[in-house]
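Letter by letter, the chains look like this.
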Amino acid sequence: MGKRHDEAQRTRQKLIEAIKALKKEKEYRDIRIEEITEKAAVAKGTFYVYFKRKEDLIAAAAYDRFDVFKQESLEERGGIETRIGSFLQKSAEFIEDDSLDMAQQWLRSGVAPLEEDSLVSEKLQYDLGVIEEYIRHAIAASVLCKSTPIEELALQIVSQYYGTLCLWCVSCGKISMKQLIGTFCSQHLAKLFEEYRQTNDKKDGRKRRKAE
């Protein structure tokens, strides 16, 4: 069972590496599944054992990068806004530099999804989970107070992230996602956490004790 699982993981990774290599040669829309399987040195039918369609493979390849950004950002020195800002900016840079066409297709599938299309909803849950994890880390480190509304703040941040993605897509790249995210991170992100910082919580406690 273990060997079969390891072999399956290796085959899946071959497909992911194949589409990454092909992306250097052409746009995603021009890559055919036959080219992917040929590059990965597997049978065409093998592709459908792991992925329903090409877009699923593209998403899997992207997740590899987002996981790297997540880990790198967790190791950043600085406050929670530095770590979340790092993840958002690295993600925005990767998306914008990767393919406008792919992002537009991805966005289109989210607005008018197929019956069983879960790509966009899966990415949304992934992004919310990443931001929530950063906030939980900050609470555990006593940077933010325990009453910090984790889900509410994560939703606000991810809404901004997806909003900039939409603007970049509908403007056909004329409005830069990287610039918008950079502005949000430098000017607004820290303010979202201001009232939940432990220092403020302690100050409020001292004020209440003095009043008593």
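Remember, it's a predicted structure, so these values are computed and weren't measured experimentally. (Residues numbered from 1 in each chain as written. Predicted model: local features only at pLDDT ≥ 70, side-chain atom pairs only at ≥ 80, totals over all residues. Heavy atoms only, no water.)

Enquirer: Sorry if this is basic, but what is going on with the overall build of the protein here?
Expert: Check the secondary structure of the protein and you find eleven helices and zero strands. Along the protein, helices (α) and strands (β) appear in the sequence α-α-α-α-α-α-α-α-α-α-α when read from the amino end. Within the protein, the proportion of its 212 residues that are buried is 43%. The contacts of the protein with a sequence gap of at least 6 include a subset with a gap of at least 24, amounting to 66%. Looking at the protein as shown, the accessible area adds up to about 12,400 Å², and 50% of this sits on carbon and sulfur atoms. (Helix = DSSP H or I, 4+ residues; strand = E, 2+ residues; numbered from the N terminus. Buried < 20%, exposed > 50% of the residue type's maximum accessible area, 1.4 Å probe, protein only. Contact = heavy atoms within 4.5 Å. Areas by Shrake-Rupley, 256 points an atom, 1.4 Å probe, with all protein chains shown as cover.)

Enquirer: So what exactly am I meant to see when it comes to the layout of surface pockets here?
Expert: If a probe the size of a water molecule is rolled over the atoms, the empty space left behind becomes visible. Its boundaries defined by the atoms lining it, the largest pocket holds a volume of some 490 Å³. Ile58, Ala62, Phe66, Phe94 and Asp98 are the residues nearest the centre of the largest pocket, which is lined by 25 residues in total. Those elements that provide at least two residues to the lining of the largest pocket are helix 1 (2–23), helix 4 (54–74), helix 5 (80–98), helix 6 (100–111), helix 7 (119–140) and helix 8 (150–170). Here the lining of the largest pocket takes eight residues from helix 4, the largest share from any one element. Residue composition of the lining of the largest pocket, grouped by class: 17 nonpolar, one polar and seven charged. (1 Å grid on protein atoms, 1.4 Å probe; cavity = no way out; pocket = protein on both sides within 12 Å on 5 of 7 lines; lining within 4 Å. Points joined across faces, edges and corners; volume = space filled by probe spheres on them. Nonpolar A, V, L, I, M, F, W, Y, C, P; charged D, E, K, R; others polar.)

Enquirer: Explain the confidence of the model for the protein to me, please; I cannot follow it from the model alone.
Expert: Detailed conclusions should not be drawn from predicted coordinates in areas where pLDDT is low. Chain-level statistics for the protein give a pLDDT mean of 86 and a share of 88% at 70 or above. Across residues 201–212 the pLDDT falls below 50, and counting only partners more than four positions away or on other chains, this stretch makes one contact in the model. (pLDDT = per-residue confidence, 0-100.)

Enquirer: Please explain the pattern of salt bridges as it appears in this structure.
Expert: As a working rule, side chains carrying opposite charge can pair if their charged atoms are close by. Applying the stated rule across the entire model yields 17 salt bridges. Glu34 is the salt-bridge partner of Lys44, the closest N and O atoms lying 2.8 Å from each other. With Lys44 in helix 3 (residues 44–50) and Glu34 in helix 2 (residues 33–40), this pair connects stretches of sequence that are ten residues apart. When the shortest N-O distance is used, the salt bridge between Lys178 and Asp97 registers 3.1 Å. Of the two residues, Lys178 is situated in helix 9 (residues 177–187) and Asp97 in helix 5; the sequence distance between them amounts to 81 residues. When its relative accessible area of 51% is taken as the criterion, Asp97 is described as exposed. Where salt bridges share partners, they join Lys26, Arg32, Glu34, Glu35 and Lys44 into one cluster. (Salt bridge = Lys/Arg side-chain N within 4 Å of Asp/Glu carboxyl O.)

Enquirer: Sorry, what's going on with unusual backbone geometry here?
Expert: With glycine set apart, most residues show a phi of negative sign, and most peptide bonds adopt trans. Positive phi, normally seen in glycine, also occurs at Ala41, with a value near 60°. Here Ala41 lies in the loop between helix 2 and helix 3. On the basis of relative accessibility, which here comes to 65%, the residue Ala41 falls in the exposed class. Although it is not a glycine, Ser142 adopts a positive phi angle of roughly 60°. Along the chain, the position of Ser142 falls in the loop between helix 7 and helix 8.

Enquirer: What am I meant to see in the nonpolar core here?
Expert: One broad rule of soluble globular proteins: the nonpolar side chains tend to lie buried together. Of all hydrophobic cores here, the largest spans 61 residues; its most connected members are Ile84, Leu88, Ile131 and Ile135. By residue number, the principal contributor to this core is helix 8, which donates ten residues. Discounting residues that sit within four places of it in the chain, Ile131 has contacts with Ile84, Phe87, Leu88, Ala154, Ile157 and Val158. (Core = buried A, V, L, I, M, F, W, Y, C linked by side-chain atoms within 4.5 Å.)

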